[in-house]
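One letter stands for each residue in the lines below.
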Amino acid sequence: MSQVLAATGIGVRFGGVRALDGVDLAVHGGEVCGLIGPNGAGKTTLFDVVSGIRRPDEGRVLLDGRDISRRSPVWRARHGMRRTFQRQQLFGQLTVADNLLVAQEWRGGRRKLAGRRSRAAAVLRECGLDALADSYAGVLPVGQARMAELARALADPPRVLLLDEPASGMSGEERGQLAVVVRHLADEEGCAVLLVEHNVAFVMELCSRVVVLDLGTVLAEGDAADVRENPAVRDAYLGTAAST
Ligand SMILES: Nc1ncnc2c1ncn2[C@@H]1O[C@H](COP(=O)(O)OP(=O)(O)OP(=O)(O)O)[C@@H](O)[C@H]1O
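Here goes a summary of the coordinates provided. (Residues numbered from 1 in each chain as written. Predicted model: local features only at pLDDT ≥ 70, side-chain atom pairs only at ≥ 80, totals over all residues.)

Some thoughts on the site of the ligand
Test applied: Only the C-beta atom matters for nearness: placed from the backbone, it must lie within 6 Å of the molecule or strand for the residue to count as near. A run of DSSP states H or I qualifies as a helix once it reaches four residues; a run of E qualifies as a strand once it reaches two. Both are numbered from the N-terminal end. Classification convention: Asp, Glu, Lys, Arg as charged; Ala, Val, Leu, Ile, Met, Phe, Trp, Tyr, Cys, Pro as nonpolar; all other residues, Gly among them, as polar.
Lining the immediate environment of the ligand, one finds F14, V17, A19, G37, N39, G40, A41, G42, K43, T44 and T45. Contributions of two or more residues to the shell around the ligand are made by β2 (17-28) and α1 (43-51). No other element matches the three residues that α1 contributes to the shell around the ligand. Looking at side-chain class alone, the shell around the ligand contains four nonpolar, six polar and one charged residues.

Right, here's the structure in full:
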């Protein structure tokens, strides 16, 4: 597996708060990497840096070994980086299918519209949303809305996928489907997936590697079993979160 995404020496300050301090992170193609840690650990800030929404005070972001630190979020998206947000960001007044078409719109060309429609239909099927293609996204219950956001992120095939609490508000069945879609994306399409999630059991089940952030630094990193047994991780986080 080759390294697709890397962040090195990332530092972000908000006034006197050091939200991230010397954070290194790498995600390989075909890997689902979990990013966990207590509230305020810096997970969303790291997503903001990687996706280009926030310029770090220190450090670099690399895509396929190329420094993209000064590239815009749009440039990163057009080079295969996709992101979902903790707070849902669907276009509520569009149908679910149109949300997926919007994500492919930049490729342009009316003659290619049929191809974009059929890609959207295939992704909706894979995500179990085909029956909802013509529903307005704004009326979906939270679990289906989260799945629709994932579908939109996949509408134009990603090389790097950043998922911010994708399972939050999902039923057990929806979480199962989410896991199948994400695993398939990594295993079959070689996508590098980085996933922030407070549901630790879900992370441990799905992720081949887990990185633990605490107070803006990497506290631990390893496979699920190593991380679960790490005393520092248990003290800082798992003691309170393991049952969620
Ligand atoms: N825009 C901001 N202005 C000031 N401080 C901020 C800002 N965004 C984040 N912070 C601070 O930076 C630190 C990291 O926050 P961040 O949201 O990245 O953590 P998180 O791990 O994603 O937390 P959560 O699990 O609650 O989403 C926190 O101390 C937070 O209060």
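Considerations on the packing of helix α4 (residues 113-126) against helix α5 (residues 142-155)
The line we're drawing: The axes used here are C-alpha line fits, helices contributing only the stretch in contact, and every angle between their N-to-C directions lies in the interval 0 to 180 degrees. The scheme is simple: roughly parallel for angles under 35 degrees, roughly antiparallel for over 145, roughly perpendicular for 65 to 115, oblique for anything else. Whether a crossing is left-handed or right-handed is set by the direction in which the near helix is turned from the far one by less than a right angle, anticlockwise for left-handed and clockwise for right-handed. Two residues form a contact once the distance between their C-beta atoms, set from the backbone, is within 7 Å.
Two elements in contact, α4 and α5, have axes whose closest approach is 9 Å; the angle formed by their N-to-C orientations is 140 degrees. Taken together, the axes of α4 and α5 are oblique relative to one another. Note that α4 runs across α5; the crossing there is right-handed. Between α4 and α5, the contacting residues are R119, A120, V123 and L124 on the first element and A151, L154 and A155 on the second. Here the contact of α4 with α5 is built from residues that sort into six nonpolar, no polar and one charged.

A closer look at the nonpolar core
Going by this rule: Under the definition applied here, buried Ala, Val, Leu, Ile, Met, Phe, Trp, Tyr and Cys residues are grouped into a nonpolar core through C-beta atoms within 7 Å. Each residue is classified by how many other C-beta atoms fall within 10 Å of its C-beta atom, where C-beta atoms are placed from the backbone; a count of 20 or more means buried, 12 or fewer means exposed, and values in between mean partly exposed.
Membership of the largest hydrophobic core comes to 75 residues, with the highest contact counts inside it found for L124, A151, V193, L195 and V212. At eight residues, the largest contribution of residues to this core is made by α5.

Overview of unusual backbone geometry
The phi dihedral of D64 is positive, around 55 degrees, even though this residue is not glycine. Look at D64 and you get partly exposed, because 16 C-beta atoms sit within 10 Å. Positive phi values are uncommon outside glycine, yet L215 reaches one of about 50 degrees. If you trace the backbone, L215 turns up in the loop between β9 (209-214) and β10 (217-222). For L215, a count of 16 C-beta atoms within 10 Å corresponds to the partly exposed category.

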